[in-house]
Each structure stands twice: as C-alpha cells, then as structure tokens.
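In case you want the letters, here they are:
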Amino acid sequence: MKKEKLFANSSYKKLFISSTAASFGDLFDMFAVMTLFTYVWHANSLWITLIPVAYALPSILLSQAAGNLADRYDKVQLMFLPELVRLLFTCLLFFTDEPLLALGVLTLRSMSSVMKVPAQLAYVREVVKEDQLLQASTLQNIMFQISKVVGPFLGAAALTFTTPKACILANAAACIISIGVLFSLKKSGNKTQRQAARAHQSKESLSNGWKIVFQHSILLRVVILFHLSYFVVMLVDAQISIFLRDVLPHHPEMLGWLLSGIGLGALATGVYLNRKNRFTIHLDFYHWDCFYLEGLYFSLAALIQPLCHAISF
C-alpha cells in the first residue's frame, strides 16, 4: 500500500502555509522594532532590554493556561482569533511613536500570540497521522529556522530603500495571509478519548514533569545550564543593537545582517543535530564545549569594533 505524502493532507498544508507566513512576518517585525528603538527613537539600553521581555514574558506566564484552552476548545478558532488580534496590534504598532507605548503594544500582542502555539500543536496531532507527526513538526521547525535567516536578511535589504515601519506593514501583510488561510481551515472532528482526557491531566503532567527533573540530577544540571547559558546569550543579544549604533550609527541594516547570521548558525546546528542518529560524546563535555563556544563568540565580538570603525570610515 502506497504511503500518503504529508502535503497531500490539505489541512496540514494550509496550517503549514499559515505558520510559515506568520514566522516570516514575526522576524520582519522583530527586526523593525529593534531598528526603531535603536536608530529612530534612540532609546537607551534599558528600553532595548525590555524588548525581549515584552516578547517572552506573556509566554512564560500564560503558556499553561493556553495549553488548557487548546485541549478544551476548538483549535481552529484558537488559532484564528489570536491571529486577528495580532493583526490589530501590529497595525497599532505602526502608528506608535514612543518606546513606552510600543512596549505596551508588543506585550499585548505577545499575549494573544501565546494562545495560538498550543492550539497549532494540538491541531497537528489531530489532523496528521501518528507516523507522520515527527516529519510534520520537523518541517515546521525547519521553516521557522529558515525564517530566522531570511526574515532579518530581507528586512536589512528593505532598509536600504525604505523605513523600519514598512517592515511592520510586511508583518501585517503576513498576518492577513495567515488569517485568510486559517479562515479556510476546517475543524478536524477527530478528537480522541486520549485528547479529551488530556484537559483533565494537564496540571498533573506538569507537576510530574518537574518531579522527574528534580529526581534526576543529570536532567536538573541540563535545565540549569541551559537557562544560565540562555540568560547570558539573551543579555548580550539585547544590547548588540546598542553596540552597532555606537560603532556604525549610519548603517542600521547591519543589525539585520547580524540577526540573519545568528539565525544561519542556529539553522546549521539544527541540521547537524537532526542528521545525527545519536550522540557519542559525553554530556558534560558537550555542555562545557557549548560554554567554550559562547566565550569564543563573546571574545571575537569584542574585536569587531575596530573593523566596524573601518567600515564606517
């Protein structure tokens, strides 16, 4: 019997188009926001630091509630309505001219976006066959990583002949495409008993997950090291636009090239790890190796300033 291809599933194909458009729009928008704060409004480092907070804090606070909603209510509506709200806040962001108001709009928009992600994951589990779930999630992750490269790259190219707010309009256009595709998406109607019971097990599974982490020292070390390294990286990344503004005040497009390079590194790492069937190196060595690479990155970044001055000259 011939195996059905994943993209022969019209529901998944529409969802894939919608999520891809949203991913490209988000990266366009993030680059535009960083450029507005850094080069147009000349915000200080504190305001720049609050940008990733506005993006991430709603997800930290509301993810569990969003997961419960995704288990109890219609997934298509939970994807469609937040995308519509995201479009409204994106249009409002276009008319915002102050950093404080922009941060408020970003936070409210991120709150609406939190509801979409678990609904999207739950919908994929409903419409995709079990033996194709890994392929489906991998394809969406690859497109997200590609958008991290192409989005800022195209945004930087656009800045050579337009303004950062035009990139926000590009995100609005991506929202419209995503909304149009989601509007044509049908309910799956395949809710199983296991999925129905998940709504009552979410709190228990969360507590059990943390129990497993604290009962296994190696998992606890992985979690601590991951968050420590991620905190350091985000601390530096939040200030990289200030650094570029100081050394290259007339080249805002350089921020896009840098973000695109970071995305390219993440994509290359993801492809490499996906190609490996298993890890043969010791876990402790792997973690410390990652820290050494981060230290090398920060050391090389400190040497970039003379080169940037030469470019600006």
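S.K.: Residue-level account of the nonpolar core, with values.
M.R.: Among the nonpolar cores identified, the biggest contains 28 residues, and F37, I48, I51 and L93 are the most heavily contacted of them. At the level of secondary structure, the elements contributing two or more residues to this core comprise α1 (10-40), α2 (45-72), α3 (75-94), α4 (99-114), α6 (133-158), α7 (164-183) and α10 (240-247). It is α1 that contributes the most residues to this core, eight residues altogether. Once you skip the residues sitting within four places of it in the chain, I51 turns out to touch V33, M34, F37 and L103. Within the second largest apolar cluster, 17 residues are counted, among which are F16, V76, M143 and L185.

S.K.: Please provide a residue-by-residue account of the packing of α1 against α6, values included.
M.R.: In contact at an axis separation of 8 Å, α1 and α6 are set at 35° when each is read in the N-to-C sense. When the axes of α1 and α6 are compared, the crossing they make is right-handed. Looking at the contact of α1 with α6 residue by residue, the class counts come to 15 nonpolar, seven polar and one charged.

S.K.: Describe the packing of aromatic side chains, with residues and values.
M.R.: Applying the stated criterion to the full structure yields six aromatic pairs. For the pair Y12 and F16, a centre-to-centre distance of 6.1 Å together with 35° between the ring planes defines the contact as tilted. Linking Y12 with F16, this pair stays in helix α1, spanning four residues, or about one helical turn. Taken as a pair, Y12 and F16 share a single burial class, namely buried. Each ring, one from F80 and one from F183, has its centre 6.0 Å from the other, and the planes form 45°; the classification is tilted.

S.K.: Break down the packing of α1 against α7 for me, citing the residues and quoting the values.
M.R.: Two elements in contact, α1 and α7, have axes whose closest approach is 8 Å; the angle formed by their N-to-C orientations is 160°. Taken as axis vectors, α1 and α7 run roughly antiparallel relative to one another. The two elements α1 and α7 cross, and the hand of that crossing is left-handed. Its residues assigned to classes, the contact of α1 with α7 comprises 17 nonpolar, five polar and four charged.

S.K.: Hey, could you go over the pattern of salt bridges for me, with residue numbers and the actual values?
M.R.: Using the criterion set out here, one finds six salt bridges in the structure. With a shortest N-O distance of 2.9 Å, K116 and E83 are connected by a salt bridge. One end of the pair, K116, is in helix α5 (residues 116-127); the other, E83, is in helix α3, and 33 residues separate them in sequence. Residue E83 is classed as buried on the basis of its relative accessible area, which comes to 1%. The shortest N-O distance in the salt bridge between D97 and K165 comes to 2.8 Å. With a gap of 68 residues between them, D97 in the loop between α3 and α4 and K165 in helix α7 connect regions that are remote in the sequence. In this structure D97 comes out as exposed when scored by relative accessible area, which is 53%. In this structure, a network of salt bridges that share partners links the residues D26, E83, R86 and K116.

S.K.: Kindly report on α5, identifying the contributing residues and their values.
M.R.: The terminal C-alpha atoms of α5 lie 16 Å apart, and with twelve residues this matches the ideal 16 Å at 1.5 Å per residue to within 8%. Of all the positions in α5, only K116, P118, A119, Q120, A122, Y123, V124, E126 and V127 are classed as buried.

S.K.: Residue-level account of a nonpolar patch on the surface, with values.
M.R.: A cluster of nonpolar side chains, namely L46, L50, V53, L57, I60 and L61, defines an oily patch on the protein surface of about 570 Å² accessible area. With respect to the element layout, L57 can be found in helix α2. By relative accessible area, L57 is classed as partly exposed at 39%.

About the thresholds
Residues numbered from 1 in each chain as written. Predicted model: local features only at pLDDT ≥ 70, side-chain atom pairs only at ≥ 80, totals over all residues. Heavy atoms only, no water. Core = buried A, V, L, I, M, F, W, Y, C linked by side-chain atoms within 4.5 Å. Buried < 20%, exposed > 50% of the residue type's maximum accessible area, 1.4 Å probe, protein only. Helix = DSSP H or I, 4+ residues; strand = E, 2+ residues; numbered from the N terminus. Contact = heavy atoms within 4.5 Å. Axes fitted to C-alpha atoms, helices over the stretch in contact; angles between N-to-C directions. Left-handed = near helix turned anticlockwise from the far one by under 90°. Nonpolar A, V, L, I, M, F, W, Y, C, P; charged D, E, K, R; others polar. Phe/Tyr/Trp six-rings, centres within 6.5 Å; stacked < 30°, edge-to-face > 60°. Parallel < 35°, antiparallel > 145°, perpendicular 65-115°, else oblique. Salt bridge = Lys/Arg side-chain N within 4 Å of Asp/Glu carboxyl O. Expected span 1.5 Å × (residues − 1). Patch = residues over 30% accessible without salt bridge, like charges linked within 9 Å, V, L, I, M, F, W, Y side chains within 5 Å. Areas by Shrake-Rupley, 256 points an atom, 1.4 Å probe, with all protein chains shown as cover.

Treat this as a map of the structure, not an account of what it does.
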